[in-house]
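As a plain string of letters, each chain reads:
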Amino acid sequence: MTEFVKAVLFDLDGTLIDTAADFVRIIGKMSLENDWQAPPEAEIREQVSAGASAMVKLMLRYNDQLEVSEDALLTFRQQFLDDYEADICIDSCVFAELEEVLTTLEKQSVPWGIVTNKPRYLAELLLQKMALDERCAVLICPDDVSRSKPDPEPMYMALEKLSIPRGAAGCVLYVGDHIRDIEAGKAAGMPTILAAYGYIPPEDQKSLKTWGADYIVDTPKQLNELLLSSGRFEYI
């Protein structure tokens, strides 16, 4: 790790933690309860970053339930969230080789944190279940700000919580798997790393280079190597 890095911030779902399997399980459960076919796992995975409504709409669309009322849609969404809260961490795990990254950062007294669009009550519960809550130096969620990513407000709040001045944002890395992550990080003046292994739909895969990330990593192993190899970063 280079001396320039004061902190590393991660998006949560699809970047630091692989949560897709739990969402696949819940959509499968809801589909079964309604005598429907569950969408393919890969398609559910691609919708994770878009949130609960997107995954529910995928389930409905996959089963030709196109005339569902707005009230019914909200009911399905709430059921999804309730089921997720009840069993939030059955199959979720830190992406392979990123545990080494977290441990190394901690050993070098480099704080790491999370800036996510996941609601705080779910993010906190997930981190508790994974025994990451005491290790995470800062957690910023939509509940904490007036404007979520891609606005830089959450990034600025993370800096404030870490006692890092905005002028030193160039020494704080932000890693995410969605274009809003890259936009938020860049707007806050942070070097950005695109986790291309995350929950990115196929139609977006071809345009990743246009998102403007400083680095693109295709696997958690590459992210591990990038973050842990000294001398690899050249900040402008």
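Residues numbered from 1 in each chain as written. Predicted model: local features only at pLDDT ≥ 70, side-chain atom pairs only at ≥ 80, totals over all residues. Heavy atoms only, no water.

Asker: Any details on the sheet that holds strand β6 (residues 172-176)? Residues and values, ideally.
Answerer: Spatial strand order, β5-β4-β1-β6-β7-β8: six strands in an open sheet with parallel pairing. Each having just a single partner strand, β5 (138-140) and β8 (215-217) make up the two edges of the open sheet. Averaged over all neighbouring strand pairs, the angle between strand axes comes to 20 degrees, with direction disregarded. Of the strand pairs in this sheet, strand β7 (residues 192-195) and β8 are connected by three bridges, and their pairing is parallel. (Pairing = 2+ DSSP bridges. Helix = DSSP H or I, 4+ residues; strand = E, 2+ residues; numbered from the N terminus. Axes fitted to C-alpha atoms, helices over the stretch in contact; angles between N-to-C directions.)

Asker: Got a sec to walk through the packing of helix α1 (residues 20-33) against helix α3 (residues 52-62)? Specific residues and values, please.
Answerer: At a closest axis distance of 11 Å, the pairing of α1 and α3 adopts a crossing angle of 40 degrees. By the angle between their axes, α1 is oblique relative to α3. Once α1 is placed against α3, the crossing between them reads as right-handed. Contact with α1, carried on its side by F23, I27, M30 and S31, involves M55, V56 and M59 of α3 and no other residues of that element. Among the residues forming the contact of α1 with α3, the class breakdown is six nonpolar, one polar and no charged. (Parallel < 35°, antiparallel > 145°, perpendicular 65-115°, else oblique. Left-handed = near helix turned anticlockwise from the far one by under 90°. Contact = heavy atoms within 4.5 Å. Nonpolar A, V, L, I, M, F, W, Y, C, P; charged D, E, K, R; others polar.)

Asker: Explain the confidence of the model for the protein chain residue by residue, including any values.
Answerer: Averaged over all residues, the pLDDT of the protein chain equals 93, while 96% of them reach at least 70. Low pLDDT, under 50, characterises residues 231-236; the predicted model gives this stretch 15 contacts beyond four residues in sequence or across chains. (pLDDT = per-residue confidence, 0-100.)

Asker: So what's going on with the packing of helix α4 (residues 70-86) against helix α6 (residues 120-129)? Which residues, and what values?
Answerer: Packed helix pairs are specified by the crossing angle of their axes together with the interaxial distance, meaning the distance between the axes. At their nearest, the axes of α4 and α6 sit 10 Å apart, and the two run at 25 degrees to each other. The angle between α4 and α6 places the two elements in the roughly parallel class. When you trace α4 past α6, the crossing you get is left-handed. Contact residues: L81, Y84 and E85 in α4; Y121, L122, L125 and L126 in α6. In terms of residue class, the contact of α4 with α6 is made up of six nonpolar, no polar and one charged.

Asker: How would you summarise the pattern of salt bridges if you had to cite specific residues and measurements?
Answerer: Enumeration over the complete set of coordinates arrives at 14 salt bridges. E99 serves as the salt-bridge partner of R135, at 2.9 Å between the closest nitrogen and oxygen. Highlighted residues: R135 in the loop between α6 and β5 and E99 in helix α5 (residues 98-107), separated in sequence by 36 residues. By relative accessible area, R135 is classed as partly exposed at 26%. A salt bridge links R147 to D151; the shortest N-O distance between them is 3.1 Å. Owing to a relative accessible area of 45%, R147 belongs among the partly exposed residues under this scheme. The class of D151 is partly exposed, set by a relative accessible area of 22%. Connected via shared salt-bridge partners are D11, K149 and D181. (Salt bridge = Lys/Arg side-chain N within 4 Å of Asp/Glu carboxyl O. Buried < 20%, exposed > 50% of the residue type's maximum accessible area, 1.4 Å probe, protein only.)

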